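Structural characterization, general
Here are the chains, one letter per residue:
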Amino acid sequence: MAAGEVLDTAALIAWPLERMRGSFVVPSQRAELYRISPDREMLLDAIGLEWSSPGPDAITRASDLAVTTGDMAGLSPVDLELLALAIERSATLVTDDYRLQNLCEKGGLPWLSVTMEGISALWSWELRCTGCGAVLPSPEGPNSSRELGECADCGSALRLSRKRG
Ligand SMILES: [Zn+2]
């Protein structure tokens, strides 16, 4: 039985607040979340998350695992920290990132999909232009260091926002 859950940033965005209480997150996710969803970032302190940075031993173990599986090149620093924290805490890693899921499989670590069964209150998100308001197809998941980009029509920044209606 795993001791708690480590949430990736997609989970931080999608999961109901009350479901996340006591879950582990790494401090570097705060900047990542702010970039994707400032509104959501503002709520973080109210949730009761366990902020924790993995130690060097866990980082080494996560790095060794990622090098062995060949996933290292595709991992962001945040991804690596999340993996290391899951190792260090013997926790379940909650992620929709296939690389992280693969790493958990290969390393014998428990993982859950963000959209796991039983989470009924998932929010829907869409990419919306902050300038002209154009709505684009939602990305598969807010992922690592990927920038959301700019609007093809007006060049304004895109932002992930909660779907209306
Ligand atoms: Zn636009």
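Computed from a predicted model, the values in this text were never measured in an experiment.

1. Some details on the overall build of the protein chain
The helix and strand tally for the protein chain stands at six helices and eight strands. The linear arrangement of helices and strands in the protein chain, starting from the amino end, is β-α-β-α-α-β-α-α-β-α-β-β-β-β. Across the 165 residues of the protein chain, 45% fall into the buried class. Pairs at least 24 apart in sequence give 61% of the contacts found in the protein chain among residues at least 6 apart. For the protein chain, the exposed surface amounts to about 8,600 Å²; the carbon and sulfur share of it is 51%.

2. Thoughts on unusual backbone geometry
A positive phi angle, close to 50°, is found at Ser-90, a residue other than glycine. Turning to its location among the elements, Ser-90 is positioned in the loop between helix H5 (77-89) and strand S4 (92-94).

3. Things to note about the coordination of the zinc ion
Protein ligation of the zinc ion involves Cys-129 (SG), Cys-132 (SG), Cys-151 (SG) and Cys-154 (SG), the donor distances falling in the range 2.3 Å. Metal-centred angles of 97 to 118° between the four donor atoms at the zinc ion mark the site as tetrahedral. A relative accessible area of 6% means that Cys-151 is categorised as buried.

4. Focus: the packing of helix H2 (residues 29-36) against helix H3 (residues 38-47)
Packing of H2 against H3 leaves a shortest axis separation of 6 Å and a crossing angle of 140°. Compared by their axis directions, H2 and H3 come out oblique. On H3, the residues touching Arg-30, Leu-33, Tyr-34 and Ile-36 of H2 are Pro-38, Arg-40, Glu-41, Leu-44 and Asp-45. The class makeup of the residues in the contact of H2 with H3 is five nonpolar, no polar and four charged.

5. Some thoughts on helix H4 (residues 56-69)
For H4, with 14 residues, the first-to-last C-alpha span of 20 Å sits near the 20 Å given by 1.5 Å per residue. Where H4 is concerned, the buried positions are Ala-58, Ala-62, Ser-63, Leu-65 and Ala-66. Buried residues of H4, viewed axially, fall in a sector of 165°; they line one side. Facing away from the buried side of H4 by over 90 degrees, the exposed positions are Pro-56, Asp-57, Arg-61, Val-67 and Thr-68. Where the residues of H4 are buried, they touch H5 and helix H6 (98-107). Among the residues trailing H4, Gly-70 stands out with phi positive, at a value near 80°.

6. Some points on H2
Looking only at H2, the buried set comprises Gln-29, Glu-32, Leu-33 and Ile-36. Mapping the buried residues of H2 onto a view down its axis gives an arc of 95°, with all of them on the same face.

Reading the values: rules and limits
- Residues numbered from 1 in each chain as written.
- Predicted model: local features only at pLDDT ≥ 70, side-chain atom pairs only at ≥ 80, totals over all residues.
- Heavy atoms only, no water.
- Helix = DSSP H or I, 4+ residues; strand = E, 2+ residues; numbered from the N terminus.
- Buried < 20%, exposed > 50% of the residue type's maximum accessible area, 1.4 Å probe, protein only.
- Contact = heavy atoms within 4.5 Å.
- Areas by Shrake-Rupley, 256 points an atom, 1.4 Å probe, with all protein chains shown as cover.
- Donors = N, O, S within 2.8 Å, 3.2 Å for Na, K, Ca; no water.
- Tetrahedral: all angles 85-135°; square planar, octahedral: opposite > 155°, others 65-115°.
- Axes fitted to C-alpha atoms, helices over the stretch in contact; angles between N-to-C directions.
- Parallel < 35°, antiparallel > 145°, perpendicular 65-115°, else oblique.
- Nonpolar A, V, L, I, M, F, W, Y, C, P; charged D, E, K, R; others polar.
- Expected span 1.5 Å × (residues − 1).
- Arc of directions from axis to C-beta.

Keep in mind these numbers describe shape, not what the thing actually does.
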